[in-house]
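Understanding the architecture of this molecule
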Amino acid sequence: MMKKQILLCCLFLSLFIVSSYAQLQQNFYKNTCPNVESIVKAAVTKKFQQTFVTVPGTLRLFFHDCFVRGCDASVLLANANAEKDHPDDISLAGDGFDTVIKAKAALDSNPSCRNKVSCADILALATRDVVGLSGGPSYSVELGRRDGRISTKASVQNNLPHPEFKLDQLNSMFARHGLSQTDMIALSGAHTLGFSHCGKFSSRIYSKSGIDPTLNRQYALQLRQMCPINVDPRIAINMDPTTPRTFDNEYFKNLQQGKGLFVSDQVLFTDNRSKPTVNLFASSNTAFNQAFVTAITKLGRVGVLTGNQGEIRRDCSSVN
């Protein structure tokens with residue numbers, strides 16, 4: 001009886017996940033805005049040329065959006081109680097938001113595309129483009145998402161991974177969205193880009209018991225120099241100390257050397273359940289890229305609104 005219940009539960013979950021993104025397709029806008037991808041890419045490229053923060057800012061924005069209420073661009077909404085104002089979202093880079101706004105404006109300047117493309121799809125496309133612009137893999141993006149109308153601080157609570165998470169916590173949170181441990185590790189590889197403020201990892205370099213033993217000591221001492229006690233909270237450190245502006249597998253090589261900035265990074269190597277995957281990705285950039293494309297495609301299907309479930313927002317920061 002128990003096996004039957006588990007089987008039925010798994011069947012229901014799989015049917016729910018499939019139905020939620022069944023209407024997504026790569027050529028969704030072929031009749032309404034056939035140049036959508038080239039228009040978005042041109043806008044993203046221009047923004048990228050202005051500041052590299054466009055890359056990690058957009059990539060992180062997509063992840064935070066999809067993990068809270070699904071990939072519905074609700075993180076972009078502005079109101080008195082918005083997702084983006086929650087403490088877990090407050091550090092999202094403004095350049096990520098601006099990337100979507102600029103791409104939306106570029107689409108709206110084309111009469112055939114005006115108010116035809118959702119903000120959620122723009123964010124998904126922009127994410128693919130920033131990955132490619134920083135040296136990562138190109139991949140096809142499924143489209144057809146609708147925009148959400150609701151954005152609340154409460155919906156963010158306990159729905160985003162924290163820097164001190166261990167493997168079980170990471171796996172549990174990602175599994176909620178149909179993402180496997182391998183998916184989680186591949187998506188964590190996005191930390192090969194971007195930066196973190198000192199306060200997010202200070203407990204690893206300053207504690208009563210000293211430096212976190214899983215942290216490379218020389219690297220920890222360098223971090224102490226860059227993040228002295230009472231450091232300006234605006235100071236930020238590269239997540240990848242080796243190639244911080246290139247989407248590559250150096251993140252995993254850094255983990256092998258004890259140079260994961262967060263506990264949630266380094267645990268991927270120190271826990272024997274995830275260590276083999278880290279070693280695989282460290283040894284093969286191709287294997288990492290393939291796994292990342294699989295994982296981010298699955299991420300882009302999380303909780304999507306399609307058909308009449310959502311709307312096409314005329315302004316990505318407000319409800320029509």
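Source: prediction; values computed, not measured. Within each chain, residue numbers correspond to sequence positions counted from 1 in written order. Predicted model: local features are reported for residues with pLDDT of at least 70 only, side-chain atom pairs are reported and counted for 80 or more only, and whole-chain, interface and lining totals are derived from all residues. Side-chain descriptors were evaluated using all non-hydrogen atoms of the structure, hydrogens and water having been removed beforehand.

1. So, the overall build of the protein
Spelled out, the test is: Strands are runs of DSSP state E lasting at least two residues, helices are runs of H or I lasting at least four, and both sets are numbered from the N terminus onward. Radius of gyration means the value over C-alpha atoms here, while the globule rule gives 2.2 Å times the residue count to the 0.38 power. Throughout, exposure labels follow a simple rule: accessible area from a 1.4 Å probe, protein chains only, divided by the maximum for the residue type, with under 20% read as buried, over 50% as exposed, and the rest as partly exposed. Note on definitions: a residue-residue contact is assigned when non-hydrogen atoms from the two residues lie within 4.5 Å. Computed with the Shrake-Rupley method and a 1.4 Å probe, the accessible areas treat only the protein chains shown as cover for residues.
The secondary structure content of the protein amounts to 13 helices and two strands. A compact globule built from 320 residues would reach a C-alpha radius of gyration of about 20 Å, and the protein, at 20 Å, matches this within 12%. Taken over the C-alpha atoms alone, the protein extends approximately 60 × 60 × 40 Å along its principal axes. When burial is assessed residue by residue, the protein has 50% of its 320 residues classed as buried. For the protein, the proportion of contacts with a sequence separation of at least 24, taken over those separated by at least 6, is 74%. Looking at the protein as shown, the accessible area adds up to about 15000 Å², and 54% of this sits on carbon and sulfur atoms.

2. Points about the UniProt feature "site: Transition state stabilizer" (unreviewed entry) in the protein
Stated precisely, the cut-off is as follows: UniProt positions are given in the numbering used here, feature names are shortened, and annotations may be inferred rather than shown by experiment.
Mapped onto the present numbering, the UniProt feature "site: Transition state stabilizer" (unreviewed entry) falls at Arg-60. Tracing the backbone through its elements, the reader meets Arg-60 in helix H3 (residues 54-67). With residues near it in sequence (within four places) discarded, Arg-60 still touches Asp-88, Ser-91 and Leu-92.

3. Observations regarding the state of the cysteines
Selection criterion: What counts as a disulfide here is a pair of cysteine sulfur atoms lying within 2.5 Å.
A complete count under the given rule lists four disulfides for this structure. In this model, Cys-33 is linked to Cys-113 through a disulfide, with the two sulfur atoms separated by 2.0 Å. Its S-S torsion of approximately 90° makes the covalent link between Cys-33 and Cys-113 right-handed. Of the two residues, Cys-33 sits in the loop between helix H1 (2-21) and helix H2 (36-50) while Cys-113 sits in the loop between helix H4 (94-108) and helix H5 (119-133), which places them 80 residues apart along the sequence. Judged by relative accessible area, Cys-33 falls into the buried class, the value being 0%. A sulfur-sulfur distance of 2.1 Å marks the disulfide that ties Cys-66 to Cys-71. With the S-S bond torsion at 120°, the cross-link from Cys-66 to Cys-71 turns out right-handed. Judged by its relative accessible area of 0%, Cys-66 is buried. Judged by its relative accessible area of 1%, Cys-71 is buried. Shown here for the protein is a disulfide pattern of 1-4, 2-3, 5-8, 6-7, where each number marks a bonded cysteine counted in sequence order.

4. Some points on the packing of aromatic side chains
Aromatic ring pairs are defined here through the distance separating the ring centres and the angle between the ring planes. Convention followed: Any two rings among Phe, Tyr and Trp, with Trp reduced to its six-membered ring, count as a pair given centres within 6.5 Å; such a pair is stacked if its planes are under 30 degrees apart, edge-to-face if over 60, and tilted if neither.
One pass over the full model with this rule turns up 12 aromatic pairs. Here the aromatic cluster, defined as three or more aromatic residues joined through ring pairs, consists of Phe-247, Tyr-251, Phe-252, Phe-281, Phe-288 and Phe-292.

5. Points about the side chain of Arg-313
Mapped onto the secondary structure, Arg-313 falls in the segment after helix H13 (285-299). Arg-313 has contacts with Asp-72, Ala-73, Ser-74, Leu-76, Leu-77, Lys-104, Cys-119, Asp-147, Gly-148, Ser-318, Val-319 and Asn-320, leaving out every residue within four places of it along the chain.

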